[in-house]
Protein chains: 2
Amino acid sequence: MRLHGLNWDAKKFIQTASDKANNGEPVHGIKFDLKSTDGMARRGAITTAHGVIQTPAFMPVGTAATVKTMRPESVAETGAEIILGNTYHLMLRPGAERIASLGGLHKFMNWPGPILTDSGGFQVMSLSELRKITEDGVRFRSHIDGSYHDLTPERSIEIQHLLDSNITMVLDECTPYPATEQQATDSMRLSMRWAARSKAAFQKRDGYGLFGIVQGGVYPSLRAESAKALSDIGFDGYAVGGLAVGEGREAMFATLDVTTPELPGDRPRYLMGVGKPEDLVGAVARGVDMFDCVLPTRSGRTGQAFTRRGQVNIRNARHKDDPRPLDEECTCPACTSYSRAYLHHLASSKEVLGLMLLSWHNLHYYQQLMSGIRAAIEAGTYADFMAAFEVEYGGGDIAPLD
Amino acid sequence: MRLHGLNWDAKKFIQTASDKANNGEPVHGIKFDLKSTDGMARRGAITTAHGVIQTPAFMPVGTAATVKTMRPESVAETGAEIILGNTYHLMLRPGAERIASLGGLHKFMNWPGPILTDSGGFQVMSLSELRKITEDGVRFRSHIDGSYHDLTPERSIEIQHLLDSNITMVLDECTPYPATEQQATDSMRLSMRWAARSKAAFQKRDGYGLFGIVQGGVYPSLRAESAKALSDIGFDGYAVGGLAVGEGREAMFATLDVTTPELPGDRPRYLMGVGKPEDLVGAVARGVDMFDCVLPTRSGRTGQAFTRRGQVNIRNARHKDDPRPLDEECTCPACTSYSRAYLHHLASSKEVLGLMLLSWHNLHYYQQLMSGIRAAIEAGTYADFMAAFEVEYGGGDIAPLD
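The rules behind each value
- Sequence order as written defines residue numbering, which begins from 1 separately in each chain.
- For this description, chains carry letters from A and ligands carry numbers from 1, given in the order in which they are written.
- Given that this is a predicted model, residues contribute local features only at a pLDDT of at least 70 and side-chain atom pairs are listed and counted only at 80 or more, while totals for whole chains, interfaces and linings are drawn from all residues.
- Note that the side-chain values use all heavy atoms of the structure and ignore hydrogens as well as water.
- Where helices and strands are cited, they refer to DSSP runs of H or I of at least four residues and of E of at least two residues respectively, numbered from the N terminus.
- Computation of the radius of gyration draws on C-alpha atoms, with the globule rule given as 2.2 Å multiplied by the number of residues to the power 0.38.
- Accessible area is worked out with a 1.4 Å probe on protein chains only. A residue is then buried under 20% of its type maximum, exposed over 50%, and partly exposed in between.
- The contact criterion used is simple: two residues touch if any of their non-hydrogen atoms lie within 4.5 Å.
- Areas reported as accessible are Shrake-Rupley estimates using a 1.4 Å probe. Residue values count occlusion only from the protein chains shown.
- His residues and chain termini do not enter the charge count, which takes Lys and Arg as positive and Asp and Glu as negative.
- A single reference atom marks each charge: NZ on Lys, CZ on Arg, CG on Asp, CD on Glu.
- We call two strands paired when DSSP finds no fewer than two bridges between them.
- Angles shown run from 0 to 180 degrees and are taken between the N-to-C directions of axes, each axis being a line fitted to C-alpha atoms and, for helices, limited to the stretch in contact.
- Detection works on a 1 Å grid of protein atoms alone, calling trapped sets that fit a 1.4 Å probe cavities and calling open sets with protein on both sides within 12 Å along at least five of seven lines pockets, with lining residues defined by an atom within 4 Å of a point.
- Grid points are joined across faces, edges and corners, and a volume is the space filled by probe spheres set on the points.
- Asp, Glu, Lys and Arg are counted as charged, while Ala, Val, Leu, Ile, Met, Phe, Trp, Tyr, Cys and Pro are counted as nonpolar; the rest, among them Gly, fall into the polar class.
- Counted as salt bridges are all cases of a side-chain nitrogen of Lys or Arg within 4 Å of a carboxyl oxygen of Asp or Glu.
- Here a polar contact means two N or O atoms within 3.5 Å. Within protein one must be a hydrogen donor candidate and the other an acceptor candidate, and residues neighboring in sequence count only if both atoms are side-chain atoms.

Let's talk about the overall build of chain A
On a plain count of helices and strands, chain A comes out with 16 helices and 16 strands. Over its C-alpha trace chain A gives a radius of gyration of 21 Å, about what one expects of a compact globule, namely 21 Å for 402 residues. For the C-alpha atoms alone, the extent of chain A along its principal axes is close to 65 × 45 × 45 Å. Burial statistics for chain A: of 402 residues in total, 57% are counted as buried. Of the contacts made within chain A by residues no fewer than 6 positions apart, 68% connect residues no fewer than 24 positions apart. Element-wise, carbon and sulfur atoms account for 50% of the exposed surface of chain A, whose accessible area totals about 15,100 Å². Each charge sign in chain A was given a centre, from 42 positive and 47 negative side chains, and these centres are 4 Å apart.

Re the pairing of strand 1 (residues 31-38) of chain B
Residues and elements named next belong to chain B. Here strand 1 pairs with strand 2 (residues 41-48) via seven bridges, running antiparallel. Bridging from a neighbouring strand, K31 pairs with T47 of strand 2. Once strand 1 ends, the chain turns through two residues before running back antiparallel as strand 2, passing G39 with a positive phi of about 65 degrees.

Comments concerning the side chain of H89 of chain A
Position of H89 of chain A among the secondary structure elements: in helix 3 (residues 87-92). When residues no more than four places from it in sequence are discounted, the contact partners of H89 of chain A are T63, Q123, L127 and H143 of chain A.

Comments concerning the sheet that holds strand 3 (residues 51-55) of chain A
Within a beta sheet, neighbouring strands are joined by backbone hydrogen bonds and run either parallel or antiparallel to one another. Residues and elements named next belong to chain A. Taken in spatial order, the three strands line up as 1-2-3 in an open sheet, and their pairing is antiparallel. Taken across any chain shown, the strands that pair with only one partner, and hence form the sheet edges, are strand 1 (31-38) and strand 3. Along the sheet, successive strands turn relative to each other by an average axial angle of 10 degrees, direction set aside. Both strand 2 (residues 41-48) and strand 3 contribute to a ladder of five bridges, which runs antiparallel. What sits directly across from I46, in strand 3, is I53.

Quick look at empty space enclosed by the protein
All names here are of chain B. Summed over all chains, the structure comprises seven cavities of 30 Å³ or more. Taken as a whole, the largest cavity holds about 70 Å³ of empty space. Taken together, T175, P176, Y177, A179, G217, V218, Y219, G242, L243, V245 and E247 make up the lining of the largest cavity. Grouping the constituent residues of the lining of the largest cavity by class yields seven nonpolar, three polar and one charged.

Quick look at the interface of chain B and chain A
Often the size quoted for an interface is simply the accessible area lost on bringing the parts together. Listed as interface residues are 38 residues of chain B and, on the opposing side, 38 residues of chain A. Taken together, chain B and chain A are joined by four salt bridges. Where E351 of chain B meets K68 of chain A, a salt bridge forms, and the shortest distance between an N and an O atom there is 2.5 Å. One can count 16 residue pairs in polar contact (both at pLDDT 80 or more) joining chain B with chain A. At the level of secondary structure, the elements contributing two or more residues to the side of chain B that touches chain A comprise helix 2 (72-77), helix 5 (105-109), helix 13 (333-337), helix 14 (340-348) and helix 15 (352-379) of chain B. Classifying every residue of the side of chain B that touches chain A by side-chain character gives 19 nonpolar, nine polar and 10 charged.

Listed below in structure tokens is the structure:
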């Protein structure tokens, strides 16, 4: 495996399954070092078998074994240290056993760094057909070919093991929004029973870990109950699930406010599927260490750019003759080598290079944002950082040329 | 303008329009150095204001100011030294005057090397609607928005000047195939009158040149007449047009056999829109120095790979579990970092990275082929090279795994 432009030595972290036998030695999962705090905000580092992740961290989403429109070398160039893979997509195509026989997901997709995989549960509910949830798990039909599949906590853990995921997520049910308190209770408690089964099924290995997922909708007592249940089981990290599903930012932040204090302080906290830059900044202030979201790549494919000055729609005709870069301070290839006029032209012409450059820019922006967040926490100036972010990001794009 | 991975110093060759005033000094167009020959095959170099092109050369096609799915740095990494831009596409979107006001096509698309542009005539006939040819030129409706446009020899030359093209092509009518001798005669003679008008309209500049285009269908006497007419007008290079339009390889080679000997020996010869690897190898043996074709990039977007062992359809299910690279000797990113199984997965999943990697591979293959051709001509072993190519390329793909 050759990698260009990566900041780490790929070989150092690449292990084959046979390397992982511990011969009776004690097994250490993933390590979390909390370096400093600033209010609730935390600056840390997660060590896995495939490398170290500085936190707070943003994980680009590599759904089908590729971060869409990006070579993995380019993903690394943006500063990303870990990516997310989707169990649902990969189990259906090309199949977990196939990826395992080809050496695991790192090798398959040429990403030697850490990988976190979700459990598949969320996508089963949002993408598949004829899904049916029972105590045992979920039966569904593939959105690709209509074939039937069963996903249980045990199978989800097995799939993630086959993928060689560094951070495995327990199978849970993402409680829909809105849900009554009774619905949210039943759903959360099912997820807690599945979490226990996931823990039992997980095979411990050095540098690999399992995260639990807090559910409970927007009900503080349920979130507390869920956090307690997971802490009692014991995980390498704790995710907050069931948010960013329509409840709005205020309710999301309110739920984080009552949830993160209930989680063990010595383990990383991961807010799933979030989000916009302002969501990340606010969630870090509430003690979150990890994020993932399709937004930077998906938006990049629809002409939406994230910049220091907020979102810019490059398809807008105002950019047609604009020789200026998207963001004159950004060091990504889209900003250093091209004009807004060119990016507008690519988007108008539906050229693949347009998707590539905007996705790269957006991922670069997100990583720059996380880098700024980490530096501010270290410096103990996170409140100032948030205030400055709000002014600049809310200030809007530069004025059009005359 | 920043460029990564280019083999030349971008700044050295980037000129603005104001640099090009000659203040009464004699104007030198593009320079052609014929280094060695082997039979009819020629090894040379073309010097332009934006850099040197080693010949025989293959020019990737950058239709809408982008070589599809490729960053220009990556195009340069494949070994390409010149790209082709399409006048028809660029005049319609984003417009020649707009590109000129943004600093020309090199700057607009971040390609500091030489650029050749076609005249727009071929695409008008193949893509536009309601086209009408008169002695003056061609009137047509845009395939994008239905707007009316006129393309005359003078306007085509002006557009290519606005684009800052290093090698401008005369406007011609690409005679369809089949055509009667009378149709081919009338069409060719119209093209010759347009060639004279194109020459008159072309503004000479150091390091910029104008190529004539031989027409005449598959009729040897018409090809000879056309070559003579163009030589009398005098051009910086001579293209052979109206081939690869359905006449078949045998007729194409037969036409080249009677055409290239009629062209001035001290000027580059360019076979337009050709072609497959075997076409290139055979045409070089008939004295051709330059080629362009969409085949490597277009095929890359449909799962077709060109390899030393012929074409490989990566969508074929035989590759599903194959851990081997597409070509174990190829040094492109698709071959050094990925398995056939992964490339098959990307194609099955319609992932953009699949288009990117196969396009890169194909462009890399074409440039490697040209590099081998140039070395063989230099060594005086081109006949051996052709024989070895035929055996290996015709030998077919490696056997499937059991």
